[in-house]
Amino acid sequence: MNLPRRRHASLRASLAAAVAVAIALLTMPALLGARMLTPAAGAAVEADDAGYTATDLEWIDAARDRRIPARLFRPASADRSVPVALIVFSPGIGSSRDGYTHLGRYWARHGIASLHLQHVGSDRSLWQGDPLGLLARLRAAAGPDEAVARAGDLRYALDRLLASRYGPRIARDAIVAAGHSYGANTTLLAIGAAVPGVEGAVSLKDRRIGAAILISAPPFYGAKDFAPILAGISIPTLHITTREDVIRIPGFVSGPDDRLKVFDATGGTFKALAVYAHGSHNVFTDRRYFDTAQIADPVKEATQTLSTAFVDRIRSGRNEALDEWAQAHRPLLERYVLDRHLVTSRAPARAVTAAAAAAADAVALH
């Protein structure tokens, strides 16, 4: 009498295990890197004897009943009276505030503070619970409600940081938003993307942000023309991807050409594009899953130095650091475009074709 039930239970358990394994293979970087969050507020996690200080912070946005954990990396500068640039970093789906530390540490050691956000509706908690429900959780996390909430996290965290005891050390004219994957979409919303289906998307724009770094930006799924979505962006942007940059989350699959379409459609007075010849979508994260050390380490190091060269350009107005970076990293690159003469924010934006990029004094490496 019990045999059919046992077989049914066994079959269901086997199916659940198989689904879990399949999904894990598709989303392994975040899954394997998952650790339980330890809430903290103002707790130092790393000391400045390493050249920087890392501090865990946590806020509650009462209006949205939403918790916002974050990690702040600060330079251990000898002159603490000089305000520093700030990068507000939004992670990819399934990641938390303790990811992408290779960027936070590098930036802080080179005089740039960074605030690494954790978005509780699309963080590591996605990997907890019934494996059969993981796809549904991923789809909900990638939906318009969470997209808006993530942009709200960025704004609220920046509000609180600038109002805190750390605020006086932040240069108000050097605030940069950055993100990887889903975090790049969050960044685009925060700098003026008008996303169809996202109510009030334009109102999410934070005018305190003076530039943006977009790493592996996904497409706007369902949209055929990105120009109406991204043409209104008016600040300098840096776009980073690879020719092997494929997102494999079920229902949200996209290839490297989508990153180029985002670059082409983005408006602004200045933008740059770096396309590495090799490296998976996850090569920019802390952990190495699908890339050899020979590929991952140079790409990460190059991204660190490229991002600081971009911040230097934002602060100084000079392109020398970006030009030098391109020459030094030529062997890693399939393509590099430095577009110095884009339209102003008062004129209609345009997509950058190969011919237009050349006419705009772009530099391309093929």
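Now for a description of the structure that goes with this document. (Residues numbered from 1 in each chain as written. Predicted model: local features only at pLDDT ≥ 70, side-chain atom pairs only at ≥ 80, totals over all residues. Heavy atoms only, no water.)

Positive phi, close to 55 degrees, is recorded for tyrosine 100, a residue that is not glycine. Examined against the element boundaries, tyrosine 100 turns out to sit in the loop between strand E4 (84-90) and helix H3 (101-109). A positive phi angle, near 55 degrees, is found at serine 216, a position not held by glycine. When you line up the elements, serine 216 lands in the loop between strand E7 (211-215) and helix H7 (227-230). You can call serine 216 buried: its relative accessible area is 0%. (Helix = DSSP H or I, 4+ residues; strand = E, 2+ residues; numbered from the N terminus. Buried < 20%, exposed > 50% of the residue type's maximum accessible area, 1.4 Å probe, protein only.)

This next bit is on empty space enclosed by the protein. In the structure shown here, the tally under the stated rule is two cavities of 30 Å³ or more. Residue lining of the largest cavity: Leu214, Ser216, Ala217, His239, Ile240, Thr241, Arg259 and Leu273, and that is the complete set. Ranked by the residues each element gives to the lining of the largest cavity, the list is headed by strand E8 (residues 237-242), at three residues. (1 Å grid on protein atoms, 1.4 Å probe; cavity = no way out; pocket = protein on both sides within 12 Å on 5 of 7 lines; lining within 4 Å. Points joined across faces, edges and corners; volume = space filled by probe spheres on them.)

Next up on the list: the packing of aromatic side chains. How two aromatic rings sit relative to each other is set out by the distance from centre to centre and by the angle between their planes. For the coordinates displayed, the defined rule picks out seven aromatic pairs. Relative to tyrosine 100, the ring of phenylalanine 89 lies with its centre 4.8 Å away and its plane at 50 degrees, an arrangement referred to as tilted. Note that phenylalanine 89 is positioned in strand E4 and tyrosine 100 in the loop between E4 and H3, a separation of eleven residues in sequence. The pair phenylalanine 89 / tyrosine 100 is uniform in exposure class, with both members buried. Consider the rings of tyrosine 276 and phenylalanine 284, whose centres lie 6.3 Å apart with planes at 45 degrees: the pair is tilted. Each member of the pair, tyrosine 276 as well as phenylalanine 284, carries the same accessibility label: buried. What links up through ring pairs into an aromatic cluster is the set Phe89, Tyr100 and Trp107. (Phe/Tyr/Trp six-rings, centres within 6.5 Å; stacked < 30°, edge-to-face > 60°.)

Let's shift gears to the pairing of strand E5 (residues 112-117). Where burial is concerned, most of E5 is hidden: six out of the six residues are buried. What you see with E5 is no split at all: Ile112, Ser114 and His116 on one side and Ala113, Leu115 and Leu117 on the other are buried throughout. One ladder, built from five bridges, connects E4 with E5; its direction is parallel. The residue bridging valine 88 from the neighbouring strand is leucine 115, located in E5. (Pairing = 2+ DSSP bridges.)

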